[in-house]
Amino acid sequence: MEKLVITGKTPLKGEVVISGAKNAAVAIIPATLLINGTCTIENLPNISDVRLYCDILTEIGAKITWNSEHEITIDTRNIDCNNIPIETTRKFRASYYLLGSLLGRCKSAKVGIPGGCNLGARPIDQHIKSFEALGANVDVSGGNIVAKAKKLKGTSIYMDVVSVGATINAMLAAVLAEGQTIIDNAAKEPHIVDVANFLNTMGADIRGAGTDIIKINGVKELKGGATYSVVPDQIEAGTFMLAAIASKGDITIRNCITKHLESIIAKVVEIGGNVYENGDYCRVWYTRRTHKATIKTLPYPGFPTDLQPQMGVVLAISEGTSVINESIWDSRFQYTAELNKMGAKITAQGKSAVFEGVHELSAAPVYASDLRAGAALIMAGIAAKGKTEVYNLHHIDRGYENIEEKFRKLGAKIERVIEE
Ligand code: EPU
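Given the structure is predicted, the values throughout are model-derived calculations rather than measurements.

### So, the state of the cysteines
For the coordinates displayed, the defined rule picks out one disulfide. Paired by a disulfide, C81 and C106 hold their sulfur atoms 1.5 Å apart. Taken as a pair, C81 in the loop between β5 (71-75) and α3 (86-89) and C106 in helix α4 (residues 97-106) lie far apart in primary sequence, 25 residues in all. Left unpaired, C39 is separated from the closest cysteine sulfur, that of C54, by 11 Å. Between C282, a cysteine without a disulfide, and C256, which holds the nearest cysteine sulfur, the sulfur-to-sulfur distance is 4.2 Å. Residue classification places C282 among the buried residues on the basis of a relative accessible area of 0%.

The structure is reproduced here in C-alpha cells:
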C-alpha cells in the first residue's frame, strides 16, 4: 500500500505551474468520439482518470498516440460503438459522457452505472431526461445504462438542477442532432465552456456556453483535423492558493485563469490572506493569522464544492468559529473526521459543518475518502506539527498530476512510500 509521509510546518514558497483541467479533459476525450477524423489535444493533465479514458477509447477502436506527456492525437475514424468495455466504465464517474457522445455518433451506447468519488447520492436523471427529450430510449437495468435512438432531433431541455455532467452530456448528444437544441438552466463552469469551444473548433455550432442558456445548432458531421488546448485547472489552482495560506507561505501560481478563481480569491482576501492577480497568474501569501468565515458551496460562479475540503483545512486553523454549508453533495464532510484526528475541532452534521479554529494541527495517520479530501489532508499534513501519513492515494492520483512533486518543489517535505 502506498502512503504519503509529510513532515509538516513548512511554509510553501515559490512557483507552481497548473495542469490542464481534469473535469474538462474527461469530457473532451469522449467528445472526440463525435468526430470522424483525427484531432490533437494539448495541455492534458497526466492523471489516472485521463489514462483510463484513453484506454476505454482504445478499446472502442480509436487510435491514440501520445505525442508527449501532455499531448495526444486521437483518430476516431474506425470506432466500434458496440465495443465499450462496460466493466471499466464502472470505475469512474465521467464514463457517463460516453452515453452522449456515442448516442450522437452511433445512435446507441451502453455503459455501466458510473462509479467515482463517494460523495453521497449521484443521480443521473437529468442526463436521461435530456437524451429522451432528444428522441432516445434509455433503459437502466442490470447495473447498465443503455441509450438508443433512430434519430436525434433538436429540442428544448430545461434542467431541473444545475448539473455539470447533464449539461455536457446534453450538449454532446445534441451536436449532431437534427435542428436546434436549447439547454436552459445550464451549468456555467469553465469546463462547460471548454468542451463547447473544443466542439466548435471541430465544426460544431454551440452558442451561449458559460451562460445559463446554451443553443446548439445541429451539424451533419464534425471533421476534426484541429488542435485544442485544455483550459487550466481551476480547482488545482485553488488548491495551491489555499495551501499557501494554510502553510503560512507565499506561492505564485502560473498557468491559471484568475477570472475563474474569483469566488476563491474573494474568500481568501475576506479571511485575511493576500492575493495579487494578473490574468494568467496570481500570487497568494500569508502575513497574519486568518479568521473565521461562512461559506456556502454553489455551482459556478459560486464557491466550488471541489475546494470545500481544502477551505475546511484553512478554517480549521483560522481564528474564530466558521461555518460551511455544502449545497451540492450529501457526503462531502468525511475529511472532517480525519482533520479531527489531527487536533481540529469540527462538528459536521448532514450538509453543514462548524469549525472552531485551533492554533495548529498535529500529525496523525489519515485516510482520503475522495479526491478533494485527499488534497485537503496533504495540505493539513504540510501545515501540521510532526509526521503525517496520508493513505488511499488512488483517490488523489485520479485528479492531481504529480501532486507530491509539485508540493516538494514548493518546499514541502513529502515522500511517497510503499508500505508492506
Ligand atoms: N444532480 C441530479 N441529477 C442529475 C445530475 C446531477 O440531481 O441528473 C445533482 C447532483 O446530485 C448534485 C448536483 O446535481 O447535487 C450537481 O451535480 P453535477 O451533475 O453538477 O455533478 P457531476 O457532473 O456528477 C461534476 C464534477 C465533480 C463536481 C461537480 C460539481 C466531473 C467529472 N465531476 O460532477 O467533480 O463536484 O461537477 O461541480 O466533472 C471532483 O472533481 O472532485 C468532483 C467530484
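### Structural notes on the pattern of salt bridges
A complete count under the given rule lists 24 salt bridges for this structure. Residues E360 and K385 are paired through a salt bridge, measuring 3.3 Å at the closest nitrogen-oxygen approach. Within this pair, whereas E360 is found in the loop between β20 (352-356) and β21 (365-367), its partner K385 is found in the loop between α12 (371-383) and β22 (387-391), the two being separated by 25 residues in sequence. Residue class for E360 comes out partly exposed when judged on its relative accessible area of 32%. Under the relative-accessibility criterion, K385 is labelled partly exposed at 45%. The structure contains a network of salt bridges with shared partners spanning E2, D397, E404 and R416.

### Remarks on helix α8 (residues 234-246)
Look at α8: 18 Å from first C-alpha to last across 13 residues, which is about the 18 Å you get at 1.5 Å a residue. In terms of burial, α8 is a largely internal element, 13 of the 13 residues being buried. Regarding α8, its N-cap is D233, as a side-chain oxygen of that residue lies 2.9 Å from the backbone nitrogen of I235 further along. In the segment just after α8, K248 is the residue with positive phi, at about 65°.

### Brief notes about the environment of A196
Along the polypeptide, A196 turns up in helix α7 (residues 190-201). Along the sequence, A196 and I60 sit 136 residues apart, while their C-alpha atoms lie 23 Å from each other. Filtering out sequence-adjacent residues up to four positions away, A196 remains in contact with M171, I206 and A209.

### A look at the domain arrangement of the chain
Partitioning the chain into structural domains gives domain 1 (2-19 + 232-418) and domain 2 (22-229). Here the C-alpha centroids of domain 1 and domain 2 sit 30 Å apart. On the side of domain 2, 22 residues touch domain 1, which itself brings 24 residues to the contact. Between domain 1 and domain 2 the total buried area reaches about 1900 Å² when both faces are included, carbon and sulfur atoms providing 52% of it. Summed over the shared surface of domain 1 and domain 2, the number is one salt bridge. Where D49 meets R398, a salt bridge forms, and the shortest distance between an N and an O atom there is 3.1 Å.

### Structural notes on the site of the ligand
In the vicinity of the ligand there are 24 residues, among which Q126, S163, V164, D306 and I328 approach most closely. Taking D306, its side chain carries an N or O atom lying 2.6 Å from an oxygen atom of the ligand. Taken by itself the ligand offers 830 Å² of open surface, and the protein chains cover 90% of this. Of all the cavities here, the one that holds the ligand is the largest pocket. Taken together, the elements giving at least two residues each to the shell around the ligand come down to α1 (22-31), α5 (125-133), α6 (164-174) and α12. By residue number, the principal contributor to the shell around the ligand is α5, which donates three residues. Its residues placed into classes, the shell around the ligand shows 11 nonpolar, six polar and seven charged.

### Points about the sheet that holds strand β16 (residues 281-285)
Ordered by their spatial adjacency, four strands build an open sheet running β2-β14-β16-β15, and the pairing between neighbours is mixed. Across the chains shown, the open sheet's two edge strands, defined by having one partner strand only, are β2 (13-17) and β15 (274-277). Going from strand to strand, the sheet's axes swing by 15° on average, the running direction of each strand aside. Relative to strand β14 (residues 250-254), β2 runs parallel, the two being bridged by five bridges. Within β14, the position partnered with V16 by the bridge is I253. Relative to the sheet, helix α9 (residues 262-270) contacts β15 and β16, its axis offset from that of β15 by approximately 145°.

### Topic: unusual backbone geometry
Of note, the amide linkage connecting Y300 to P301 takes the cis form, showing an omega dihedral of 10°. Looking at the secondary structure, you find P301 in the loop between β17 (294-296) and α10 (308-316). Of note, the phi angle at K248 is positive, near 65°, even though the residue is not glycine. Its place among the elements puts K248 in the loop between α8 and β14. The backbone of N402 sits at a positive phi, close to 45°, despite the residue not being glycine. Relative to the helices and strands, N402 is located in the loop between α13 (393-397) and α14 (403-409). With relative accessibility at 44%, the residue N402 sits in the partly exposed group.

### Structural notes on the side chain of T40
Inspection of the secondary structure assignment puts T40 in strand β3 (residues 38-42). For T40, a relative accessible area of 13% translates into the label buried. Look past the residues within four positions of T40 in its chain and what remains in contact with it is N67, E71, I72, T73, A226, T227 and Y228.

Basis of the calculations
Residues numbered from 1 in each chain as written. Predicted model: local features only at pLDDT ≥ 70, side-chain atom pairs only at ≥ 80, totals over all residues. Heavy atoms only, no water. Disulfide = S-S within 2.5 Å. Helix = DSSP H or I, 4+ residues; strand = E, 2+ residues; numbered from the N terminus. Buried < 20%, exposed > 50% of the residue type's maximum accessible area, 1.4 Å probe, protein only. Salt bridge = Lys/Arg side-chain N within 4 Å of Asp/Glu carboxyl O. Expected span 1.5 Å × (residues − 1). Polar contact = N/O pair within 3.5 Å; in protein donor to acceptor, adjacent residues only side chain to side chain. Contact = heavy atoms within 4.5 Å. Domains from an automatic or database assignment. Buried area = accessible area lost by both parts, 1.4 Å probe. Near = heavy atom within 4 Å. Areas by Shrake-Rupley, 256 points an atom, 1.4 Å probe, with all protein chains shown as cover. 1 Å grid on protein atoms, 1.4 Å probe; cavity = no way out; pocket = protein on both sides within 12 Å on 5 of 7 lines; lining within 4 Å. Sits in = over half its atoms within 2 Å of the grid points. Nonpolar A, V, L, I, M, F, W, Y, C, P; charged D, E, K, R; others polar. Pairing = 2+ DSSP bridges. Axes fitted to C-alpha atoms, helices over the stretch in contact; angles between N-to-C directions.

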